Amino acid sequence: MLDKLKKRRTQYALGKNLPISETQVDALIRQAIRLSPSSFNSQSSRAVILFGRESDKFWSIAKEALQAIVPAADFPATAKKIEAFASGAGTVLFYEDEEPVKALQANFPLYAHNFPIWSEHSTGMAQLAVWTALADAGIGASLQHYHPLVDAEVAKTWNIPASWKLTAQMPFGSNEAAFPEKTFMDDELRFRTHR
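Bear in mind the structure is a predicted one, so any value in this text is a computation, not a measurement.

Scoring rules and cut-offs
- Residues numbered from 1 in each chain as written.
- Predicted model: local features only at pLDDT ≥ 70, side-chain atom pairs only at ≥ 80, totals over all residues.
- Heavy atoms only, no water.
- Buried < 20%, exposed > 50% of the residue type's maximum accessible area, 1.4 Å probe, protein only.
- Helix = DSSP H or I, 4+ residues; strand = E, 2+ residues; numbered from the N terminus.
- Pairing = 2+ DSSP bridges.
- Salt bridge = Lys/Arg side-chain N within 4 Å of Asp/Glu carboxyl O.

Of all the 12 residues making up strand β5 (residues 164-175), 9 are buried; the element is thus mostly covered by neighbouring parts of the structure. With 2 bridges connecting them, strand β1 (residues 14-15) and β5 associate as antiparallel partners. Following the sheet pairing, Leu14 is matched in β5 by Asn175. Of the pairings in the sheet, the one linking strand β4 (residues 139-141) to β5 comprises 3 bridges and is antiparallel in character. Following the sheet pairing, Ala141 is matched in β5 by Phe172.

Shown next as structure tokens:
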């Protein structure tokens, strides 16, 4: 497992040449999310998996939304970043369904305040699982957050249920650049072990 986690890196230089078929990528993403833990086995994580033109459509929505708020002088750099995400083969839109979260709150009132927090944990674990599975298959990815800016248009475009809350976007594709060496902060600043 640790060897797989070591492969998970942020890749901004994405291409459209996937090492496996779109059908296999779709199955991989579904399985990674299906196997991800959730509080009380709520299985609240959802995903919209976009390939090709559908993925391009998402990044066009993001670019248009950003153009409305980013100062004109700064927009070329923003546009370049969005175009890099769009150069990949696809995008995973991660959601949490608020219906099972609300049901848990109603059924377990003692923990009601915790279920939205635990839902955020679930989506984070699903994102890591998908990212690690993609990396293990030789597919590059990064994690982006253009919500809530894009939420309404995305919901309209792909008929997203109202109870689904967008949490992250993951553009993915072929690795078109080598990864720089990963650096780590001093363990003494991060960890404490007591025996």
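Alright, that's what it looks like, and here's the rest.
This brings us to the pattern of salt bridges. Scanning all chains against the criterion turns up 9 salt bridges. Among the salt bridges present, the one from Lys63 reaches Glu83, with a minimum N-O distance of 2.6 Å. On the criterion of sequence distance, the pair formed by Lys63 in helix α3 (residues 52-67) and Glu83 in helix α4 (residues 75-86) is long-range, its members being 20 residues apart. Overall, the relative accessible area of 43% leaves Glu83 in the partly exposed class. Salt bridges linked by common partners bring Lys4, Lys7 and Asp136 together as one network.

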